[in-house]
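# A structural walkthrough
So you can see what is in the structure, the chains are spelled out below.
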Amino acid sequence: MLDLKEVILEQARRYDSFYLYDERGIDDAVRRLKTDLGAAEFLYSLKANPHPAVAESLFAHGLGADAASLAEVEQAHRSGLGPERIHYSAPGKRTVDLEGALERSTLIADSLEEIALIQRLAAARRITAKIGVRINPDFTFAGDGGQ
């Protein structure tokens, strides 16, 4: 069995910089999160760290994906997640992005116009799109006007 210290030292000799991930630490953190907030459904934001091994470790624990780009939707899909577990929530999604994610994710719409566009794209394919809606209330908890 490899000695972790030796592995780290070897990487330090070979590379100026590198990332080292502790999968056991990731697993422990997810278990604690699910224990403390077990009734919640969790999504992993791929933009935080899209490394496939990190994402797949989290998906193995039942987390879904919060995708901020079509590439992230495709990554989550390749990892075996179904459309109901991939939420595509990015502002300014282009038509080509929506078309590519339509059958691979739940599309989180930012406006009534985007909902209408998604519905037109889905109708052209004779499918029903899964749409979530992002709501920005006109207030804040601080008591001032929101947007």
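See the structure printed just above.
Residues numbered from 1 in each chain as written. Predicted model: local features only at pLDDT ≥ 70, side-chain atom pairs only at ≥ 80, totals over all residues. Heavy atoms only, no water.

### Description of the pairing of strand S2 (residues 64-67)
We apply this condition: Note on pairing: two strands pair once DSSP finds at least 2 bridges between them. Under the DSSP-based scheme used, a helix requires at least four consecutive residues in state H or I and a strand at least two consecutive residues in state E, with every element numbered from the N terminus. Throughout, right-handed denotes a crossover for which the path from the first strand over the helix to the second runs clockwise when the strands point away from the viewer.
Note that strand S1 (residues 43-45) and S2 share three bridges and pair parallel. The residue of S2 that forms the bridge with Ser 45 is Asp 66. A crossover links S1 with its parallel partner S2, the connecting element being helix H3 (residues 52-59), and its sense is right-handed. Sheet topology note: the S2/strand S3 (residues 86-88) ladder contains three bridges and is parallel. The partner of Ala 65 across the bridge, within S3, is Ile 86. Chirality of the crossover, the property in question, places the unit of S2, helix H4 (residues 70-78) and S3 among those that are right-handed.

### As for the side chain of Ser 89
Just so we agree on the cut-off: Here a residue-residue contact requires only that any non-hydrogen atoms of the pair lie within 4.5 Å.
Mapping Ser 89 onto the fold places it in the loop between S3 and helix H5 (95-101). Beyond its immediate sequence surroundings of up to four residues, Ser 89 is in contact with Asp 66, Ala 67, Ala 68, Ile 108 and Arg 134.

### Some details on a nonpolar patch on the surface
Counted only if it meets this: In this analysis, a patch consists of residues with relative accessible area above 30% that form no salt bridge, clustered at 9 Å for like charges and at 5 Å for the nonpolar side chains Val, Leu, Ile, Met, Phe, Trp and Tyr. Values of accessible area rely on a 1.4 Å probe in the Shrake-Rupley scheme; residue burial ignores everything except the protein chains shown. Definition used for salt bridges: Asp or Glu carboxyl oxygen within 4 Å of a side-chain nitrogen of Lys or Arg.
A surface patch of nonpolar side chains, about 440 Å² in accessible area, is lined by Leu 4, Ile 8, Tyr 15, Phe 18 and Leu 20. Positionally, Leu 20 belongs in the loop between helix H1 (4-14) and helix H2 (23-36).

### Brief notes about the packing of aromatic side chains
So the rule is basically this: Pairing of aromatic side chains here covers Phe, Tyr and the six-membered ring of Trp, requires ring centres within 6.5 Å, and sorts the geometry by plane angle: under 30 degrees stacked, over 60 edge-to-face, intermediate tilted. Exposure is judged per residue with a 1.4 Å probe applied to protein chains only, and the accessible area is read against the type maximum: over 50% gives exposed, under 20% gives buried, and values in between give partly exposed. Counting as a charge over the ring demands two things of the Lys NZ or Arg CZ atom: a distance within 6 Å of the ring centre and an angle within 35 degrees of the ring normal.
Going through the model one piece at a time under the given rule, you end up with one aromatic pair. Where Tyr 19 meets Tyr 21, the ring centres are 6.2 Å apart and the plane angle is 5 degrees; that geometry is what we call stacked. Its relative accessible area of 37% is what places Tyr 21 among the partly exposed residues. Across from the ring centre of Tyr 88, 5.6 Å away, lies the NZ or CZ of Lys 93, which sits over that ring.

### Things to note about the packing of H2 against H3
Note the following rule: Orientation is described by lines fitted to C-alpha atoms, with helices fitted over the stretch in contact, and by angles between N-to-C directions that extend from 0 to 180 degrees. Helix crossings are classified by the rotation of the near helix relative to the far one: an anticlockwise turn of less than a right angle makes the crossing left-handed, while a clockwise turn makes it right-handed. Here the nonpolar group is Ala, Val, Leu, Ile, Met, Phe, Trp, Tyr, Cys and Pro; Asp, Glu, Lys and Arg are the charged ones; every other residue, Gly included, is treated as polar.
Orientation of H2 relative to H3, taken along the N-to-C sense of each, is 35 degrees, at an axis distance of 10 Å. Crossing angle aside, the handedness with which H2 passes H3 is right-handed. Contacts between H2 and H3 pair Glu 23, Ile 26, Asp 27 and Val 30 from the former with Val 54, Ser 57 and Leu 58 from the latter. Residues belonging to the contact of H2 with H3 are distributed by class as follows: four nonpolar, one polar and two charged.

Interpretation in functional terms is not warranted from these geometric data alone.
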